Each structure stands twice: as structure tokens, then as C-alpha cells.
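Below are the chains, spelled out letter by letter.
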Amino acid sequence: MSAEATIDQETQNAIDVDRAKGDFHFPENHKFDAGVGLSTDTINYISDVKNDPDWVRAYRLKAYETFLSKPMPTNWATEDLNNIHFDEIRYYLADGQKPMRNWEDVPAEVLETFERLGVPEQERAFLAGVEAQYDSETAYSSVKEELEKDGVIFVNSTEGLKEHEEIFRPWFGKVIPTGDNKFSALNSAVFSGGSFIYIPKGLKVKHPLQAYFRINSENFGQFERTLIIADEGAEVMYMEGCTAPKFESTTLHSAVVELVAMKGAKIQYVTVQNWSSNVFNLVTKRGLAHEDAEVRWIDCNIGSRLTMKYPGVVMKGERARGEVISIALANDGQHQDTGAKMIHAANNTTSNVVSKSISVGEGRATYRGQVLIPKHLKGCKNNTECDALMINSNSKTDTYPAITVRGNQHVTQHEASVSQVSQEMLFYMQQRGISEAAAMSLAVNGFINDLVSEFPMEYSVELKRLIELEMEGSVG
Amino acid sequence: MSLVIKDLHANVEDTPILKGVNLEIPKGEVHAIMGPNGSGKSTLSKVIAGHDDYEITSGSVSLDGQDILDLDVDERSRAGIFLAFQYPAEVPGVSNANFIRAALQARLPKGEEIDAVAYYKDLYSKMDVLEMNRKFTARAVNEGFSGGEKKRNEILQMMMLDPQYCILDETDSGLDIDALKIVAKGVNAMRSPDRGILMITHYQRLLDYIEPDYVHVMADGQIVKTGGKELALELEESGYDFLKDGGLVNA
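Criteria and cut-off values
- Residues numbered from 1 in each chain as written.
- Chains lettered and ligands numbered in written order.
- Predicted model: local features only at pLDDT ≥ 70, side-chain atom pairs only at ≥ 80, totals over all residues.
- Helix = DSSP H or I, 4+ residues; strand = E, 2+ residues; numbered from the N terminus.
- Buried ≥ 20, exposed ≤ 12 C-beta atoms within 10 Å, placed from the backbone.
- Contact = placed C-beta atoms within 7 Å.
- Domains from an automatic or database assignment.
- Pairing = 2+ DSSP bridges.
- Axes fitted to C-alpha atoms, helices over the stretch in contact; angles between N-to-C directions.
- Parallel < 35°, antiparallel > 145°, perpendicular 65-115°, else oblique.
- Left-handed = near helix turned anticlockwise from the far one by under 90°.
- Nonpolar A, V, L, I, M, F, W, Y, C, P; charged D, E, K, R; others polar.
- Core = buried A, V, L, I, M, F, W, Y, C linked by C-beta atoms within 7 Å.
- pLDDT = per-residue confidence, 0-100.

**What about the overall build of chain A?**
Helix and strand counts for chain A come out as 13 helices and 24 strands. When its C-alpha atoms are laid out on the principal axes, chain A stretches across 65 × 60 × 45 Å. Each of the 476 residues in chain A was classed as buried or not, and the buried ones make up 56%.

Okay, here's the thing in C-alpha cells:
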């Protein structure tokens, strides 16, 4: 990419530092490989290997047609999408093992991968359950015994659709229909892995459940599919993390995540996305909030070449609440195209969007927001704040907020700001003995400080560290 | 052991501002620079600190014998120079406690960490001298601070960083008499045989509370007169009109 050519090697090395942790891979050892390219044969191969029920196979094949019929959204999105070559991607790679319940049973190199990423350690420290996906399938899946006894289901999507069809099927593809966009259609055609979670009525899960998505193979597309259902009055926090080694070729990650919060339920979905800089991260995420329910997306995008992600909440029941808290850091060679979608579909519903983006060097951050409040409703509220921080004059930031409010019985508020780390601020900090890089990192951490506190403690520490490392690389 | 400025010339966008400044601040002494607006007082402080808006065309600044003009701003700070700003910058979202801690941390060898308990103990005791509320530690650096709070915060940072040479740029401006007394208490507590202090001020008032050993008058980019503390009183009485008479020789 041209952007990369403009920064010197030292800077480039420093930028890559934070991915050193995830930048390793093992030789491939896949029993099942759907080959390169996409056709109905690919889809039938996946369905055969996974032993899909007929309805799932039919669903996939129909989705494939939808995928083909939809144009690439370059009429509004970046032309860089044209650099995704669907016929060069491998869509399914797996070793044919079922997810293991114990780390000891996980294949040695997969175990080593997740150990290096610190997943088992975090599980012991503070998680109620973990799912670890390696390429197309889940390698490890475990939930604390007492939660299982309480009726919590935490399995991968394959197991969800087969073993829990009665809960899974009524909601699958209902929050995000296949044809929502080209990439949701692609995911619906070739999905594998991802989580299915069900939290029974009234159960408040104290510790977070976590999924970790790992890409090990080159020229590969990961298409996990997640469906989380919190029954009436239930509460759950789900966290996802992701890394991939840095390959020369591009890698595609295209997930679909659907959340269903029944009456009075509360779902918080936390993402720390740190893909390597060759990954196209094109993800569709949406939650459905019933009466008095709350869906919160807490989203941080640091990695990837291009991320397009606009988590949404459809507030279907009265007094439902939706929230998106998002942080994006676009360094050289990166484009973070993120935002939020708030669809008010009942009276007295409330939504809140707080987005902060940081563009460094040639990095580009785009905010796209959509808030819809139809005319027949009353008492709806939306608050949207988007703040951008630019570090050096090459940075680019754009904001496209679309707030459609019909009727006059609503309250909406929109604030946007663009700021720079000023020379005077840097001089002041440096005069106190703080190096330019450390000053930059302090300024950036200060800018997002109020949002970082929304992340669980273990993640916020990691987040601050990642940003420090990114900033070290951003100053000459 | 002193901060020595020799024949310093500096431009901003090709306009000469400093036109041959000579000044020596030995450790243990307090010097004051007075002078009319636009005489180059604040520029001198920024040039010493290393602000890159200024181009140094000739001369030198040395710290205990070491030339510092090639050092970066942060290196000069760690070498022992502290500048209390006339208009301190805001650092949104960064708490005072974290900011000062980062500055102290920057002075430690790699891998060494500040002892948090000792740090807060020290911070609180210095805040007590300056009569600052404990809540101050959690507020973002200078954000929403009143003029007096900003100046007190500068002195607090100075006390915490324990520099060898302090430059106070119009620290008295915008302070009411009570705040001025408190700030002066902080500065006086910093007076030491191991530290040199340079105060830049418009008004003699500050010098009632922080008594200087020497007073210099700056005009048109040069030090034009040097005397004892009584010089400040003379200036207070007769103003800078004498400068126009041309009857002065360079100090």
C-alpha cells in the first residue's frame, strides 16, 4: 500500500510491536479444507463436513445467491473493498475435532497458540466461560459448572443449531436478515464457529463469558456466527478478542453477531479488535431489545487494514435502551470505518452513542451513524457524541451522522468535535520531562479515558498498553 | 554551578527577539527579570526550555558547564530545568496525579517503578503547603482551572520534580493577594543553595514576597540594567521611562 511506503522502517517496526504477541503461526494441519474460491460446491462441502440439518443447508445456499446478487457497497464505502478477491480465499479449514471441554485435550499447537495469547490464564482469573476458535471451528469451549446447572448454554453455533434448535432457530437470522448487506449474506452462506449463548430467565451471570477468535492460516476467511439470547430479566456480559499473524496476503474476517434481550434483560458485548494489518474486518452486529431491556456494545478497534462495523440496537419494546460506546485507533495504513445504528421502534426508548476516534499518520477514521425515530412514536431520546483526535496533519477523519427524527415528541442531541494534540500541549508535557512518545500516549489515553473505564478492568489495562505501544511507533 | 546564558540571539519567523542576552544564575541565588511588554522576557524562558518556535542564531545556554541547546525539550527538563508557564496548557482526560507521576517516572531508569504510597505521601504534603484540596489530584491537568489554580499547580509540579533551575514566567499574573502569598510560600520553600531561581515578572509586588538577590531589566531583547532588589522599587516608582532616555549602559 502506498501509505506504508511513506513511513520509515523504525516507525513501521514500532507500530508492529503490539502485534508481536499475535504474530506467529503454526504449519497448517487441516483434515477438512474447502479449497480456494466460493461456489455451491464449497457450501455443500461445508454442510457435508458439518453434517448440517437440511434447513441449514437450504439457508446457506439461498444466502449464497443473495451474496452473489448484492453489489459491493463501494457507492458509499471505500474502494479498498475491491481488493478482496473472493475467488482467492479459503472458506473452511478445520481438523474435524469437536470442541474440547479441557485444555489438555486441545491439540498441542492450538493449546500453545491460546496460551501465548493468555486465554487459559484469563479464564482462570476472571471468566465464567470461554470459547476459543482456531480458523473455522471452535477448539475449546467450556463454561463453569454451576452456570451449566443453572441452565446456561454456551456452545458453538454448530452445536447450538443442532442440539438447541428449539431456542436457536426462532431467532437465528431474525435480527440480521441474510440480505442485510453483502457480507452478512456471505457469512450466512459459509458460517462456522462463533458462539450460541442462552441465559435463562432471571439469571444474572456475574463474570463475563469470553470468545477468542484466532486466524492461523493464510488466504483464509473466518466467518463466525454468534447468537446470544438473554431471557426475561437475565444479564450477561460477553467479551471477544481476536488476533491473526501478519501474512503478505489479505485475510477476511466477516462475522455476524445477533443479540436478543428479552423483557428486562441486559446484554453487554465487549470487543477488543486487534487484527493484524492485512485483515479486512467486515462485521455485522445488531441487538434486539424488548420491553425494558438493554443492549450495550462496547467496541474497540485497534487493528485490521479495514474495519467496517456499525453495531446496532433495535429497540422494539417500550423503555428499551441501546448504547454503543466505541473507540477506534487508525494508524498508518489503516482505515477504521465504524459507527452505530439506533432504530427506535417503541415509545420511550433511549439510545446513546459515544464514539471516539484517533487517527495517526496516514490513518483514517470514519464515523457513520444512523438514528431512526419514526413519526408515530413518542418520548424517544437519542444522544450522539463523536469526537475525533488527529495526530499529525496527514490524518483523515470523516463523520457521517444521519439522525432521522420524525414527530416532535422526542429529544435528540448531537455533538461532534475534532481536536489535535496541539504543539503547546506537547511542549508543556515535554517540559516536564516526558518524552514525545509518552506525551502523545498520555494525550491519547486522556482523550479516551472516560470510555476506557467502560471496559472491564482486565481489558482496560490491556487497552491502555496497546495504545501506548501504538503511540510509541507514531512519533519519529 | 550555574545556568549561564551567553550572547543569546533568537528569532521567531526571522524577526529577532533576543539580541544578545547575557545572564548567569548561580545555584543558591534568586534572580528577577523585569521589563516592559515585548522586551523578550517570556521568549527567553521558552528558548531556555527549548520551544521550537524559536530559532537560535547564536550564543549558548549551559547548565553547570554542559551546553543544552542540542537537547530536546524533555531532555532539558530531566537535566534540571523547570519552567512554570504563564499560560499552562490543558491536558484533557489526564489527571494531575497521573501527570506528575508520569513526569517523575520519566526520570527513573527503565524498569524501575514509582512507589505509589511514597508518591502520594509526598504529593499530599506538598499540596498542603500550597493549601490545595485533595480532590485536585483527580482533576484533569489545568482543565477548567481558575488562573490561580493553574499557577498553584505549576508550583506544585515544580516542588514535585525538584529541579536544579526554576524559571517562573509571570507566575504572579492573574493572582489575587491571598493566592500570591500561597504561591510565594511554595517558591520560598524551594529556595536552596542547590537551586537557582529566575523569576520573570511585570510587577514589583511579587518581589515583596519572594525577595530576589538580583534584579535585571530587559529591554528590546537585551539585559540593560542589573541591580539589587532596590532596583525593583525604583522601577515601581519611576517606570521604564528611563529606557527611552538612552542614558543606560548594558549590564
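**Regarding the overall build of chain B**
A tally of helices and strands in chain B yields eight helices and twelve strands. Judged by the C-alpha coordinates and their principal axes, chain B covers about 60 × 40 × 35 Å. Contacts in chain B between residues far apart in sequence, at least 24 positions, make up 72% of those at least 6 positions apart.

**A short note on helix H3 (residues 96-105) of chain B**
Here H3(B) lies mainly inside the structure; seven of its ten residues are buried. Within H3(B), the full set of buried residues consists of B:Asn96, B:Asn98, B:Phe99, B:Ile100, B:Ala102, B:Ala103 and B:Leu104.

**Observations regarding the domain arrangement of chain A**
Segmenting chain A into domains produces domain 1 (14-309) and domain 2 (423-476). Once you take the C-alpha centre of each, domain 1 of chain A and domain 2 of chain A turn out to be 31 Å apart.

**Remarks on the sheet that holds strand S3 (residues 30-34) of chain B**
Residue and element names in this part refer to chain B. Read from one edge of the open sheet, six strands run S6-S9-S10-S3-S11-S12, paired in mixed fashion. The sheet is open, and its two borders are formed by strand S6 (81-84) and strand S12 (222-227), each paired with just one other strand. Each adjacent strand pair in this sheet contributes to an overall mean axis angle of 20°, direction not counted. Relative to strand S9 (residues 165-169), S6 runs parallel, the two sharing four bridges. Residue pairing for S9: Ala84 is matched across the bridge by Leu168.

**Here we look at the packing of helix H4 (residues 116-129) of chain B against helix H5 (residues 147-161) of chain B**
All names here are of chain B. Taken N-terminus to C-terminus, the directions of H4 and H5 make an angle of 135°; their axes are 10 Å apart at the nearest point. Taken together, the axes of H4 and H5 are oblique relative to one another. Judged by the sense of rotation from one axis to the other, the crossing of H4 with H5 is right-handed. In contact with Leu123, Lys126 and Met127 of H4, H5 contributes Leu156, Met159 and Met160. When grouped by side-chain class, the residues that make up the contact of H4 with H5 number five nonpolar, no polar and one charged.

**A short note on the sheet that holds strand S4 (residues 54-63) of chain B**
Residue and element names in this part refer to chain B. Ordered by their spatial adjacency, four strands build an open sheet running S2-S1-S4-S5, and the pairing between neighbours is antiparallel. Pairing within the sheet leaves two strands with one partner each, and these edge strands are strand S2 (15-26) and strand S5 (66-67). In terms of strand pairing, strand S1 (residues 2-12) meets S2 through nine bridges, oriented antiparallel. Each residue of the ladder has a partner; that of Asn11, found in S2, is Pro16.

**Topic: the interface of chain A and chain B**
In this complex, chain A contributes 19 residues to the contact, which on the side of chain B involves 21 residues. Those elements that place two or more of their residues in the side of chain A that touches chain B are helix H11 (423-431) and helix H12 (436-452) of chain A. It is H12(A) that contributes the most residues to the side of chain A that touches chain B, eight residues altogether. Within the side of chain A that touches chain B, the residues separate by chemical class into nine nonpolar, six polar and four charged.

**Examining the packing of H3(B) against H5(B)**
All names here are of chain B. Interhelical geometry of H3 versus H5 gives an angle of 35° and a closest axis separation of 10 Å. H5 is crossed by H3, and the crossing has right-handed handedness. Contact residues: H3 offers Asn96, Ile100, Ala103 and Leu104, while H5 offers Asn153, Gln157, Met160 and Leu161. Within the contact of H3 with H5, the residues separate by chemical class into five nonpolar, three polar and no charged.

**Structural notes on the nonpolar core**
Residue and element names in this part refer to chain A. In this structure, Ile197, Ala230, Leu259 and Ala261 are the most contacted members of the largest nonpolar core, which totals 209 residues. With ten residues, the top contributor of residues to this core is H12. Looking at which domains feed residues into this core, each of domain 1 (14-309) and domain 2 (423-476) gives three or more. The residues contacting Leu259, other than those within four sequence positions of it, are Val175, Ile228, Ile267, Tyr269, Gly287, Leu288 and Val295.

**Observations concerning the environment of B:Ala189**
Position of B:Ala189 among the secondary structure elements: in helix H6 (residues 177-190). B:Ala189 gets classed as partly exposed once you count the C-beta atoms within 10 Å, which come to 13.

**Let's talk about the confidence of the model for chain B**
All names here are of chain B. Mean pLDDT over chain B stands at 92; residues scoring 70 or higher make up 97%. Per-element confidence in chain B is highest for S6, whose mean pLDDT is 98, and lowest for helix H8 (residues 230-238), whose mean pLDDT is 85. The ipTM value of the predicted complex is 0.95, and its pTM value is 0.83.

**Quick notes on helix H1 (residues 41-49) of chain B**
Residues and elements named next belong to chain B. Along H1, eight of the nine residues are buried, which leaves the element largely enclosed by surrounding structure. Every buried residue of H1 is listed here: Lys41, Thr43, Leu44, Ser45, Lys46, Val47, Ile48 and Ala49. Once H1 ends, the next one or two residues include Gly50, with phi positive near 105°.

**Description of unusual backbone geometry**
All names here are of chain A. A positive phi is found at Asp292, a non-glycine position, where the angle reads about 60°. Looking at the element boundaries, Asp292 is found in the loop between strand S14 (279-289) and strand S15 (294-301). Under the C-beta neighbour-count criterion, Asp292 is labelled partly exposed, with 19 such atoms within 10 Å.

**Some points on the confidence of the model for chain A**
In this model, chain A carries an average pLDDT of 88, and 94% of its residues clear a pLDDT of 70 or more. Of the regions scoring below 50 in pLDDT, residues 1-17 of chain A engages in 21 contacts with residues more than four places distant in sequence or in other chains.

**Some details on the environment of A:His30**
All names here are of chain A. Relative to the helices and strands, His30 resides in the loop between helix H2 (9-16) and strand S1 (32-33). Through-space distance from the C-alpha of His30 to that of Tyr92 is 9.6 Å; in sequence the pair is 62 residues apart. Contacts of His30, omitting those with residues within four sequence positions, involve Leu93, Ala94 and Asp95.

**Examining the environment of B:Asp7**
Residues and elements named next belong to chain B. Here Asp7 is to be found in strand S1. On the basis of neighbour count, Asp7 is assigned to the exposed category, with 12 C-beta atoms found within 10 Å. A sequence separation of 53 residues divides Asp7 from Ser60, and the C-alpha atoms of the two residues are 6.9 Å apart. The residues touching Asp7, leaving out its near neighbours within four places in the chain, are Gly20, Asn22, Ser58 and Gly59.

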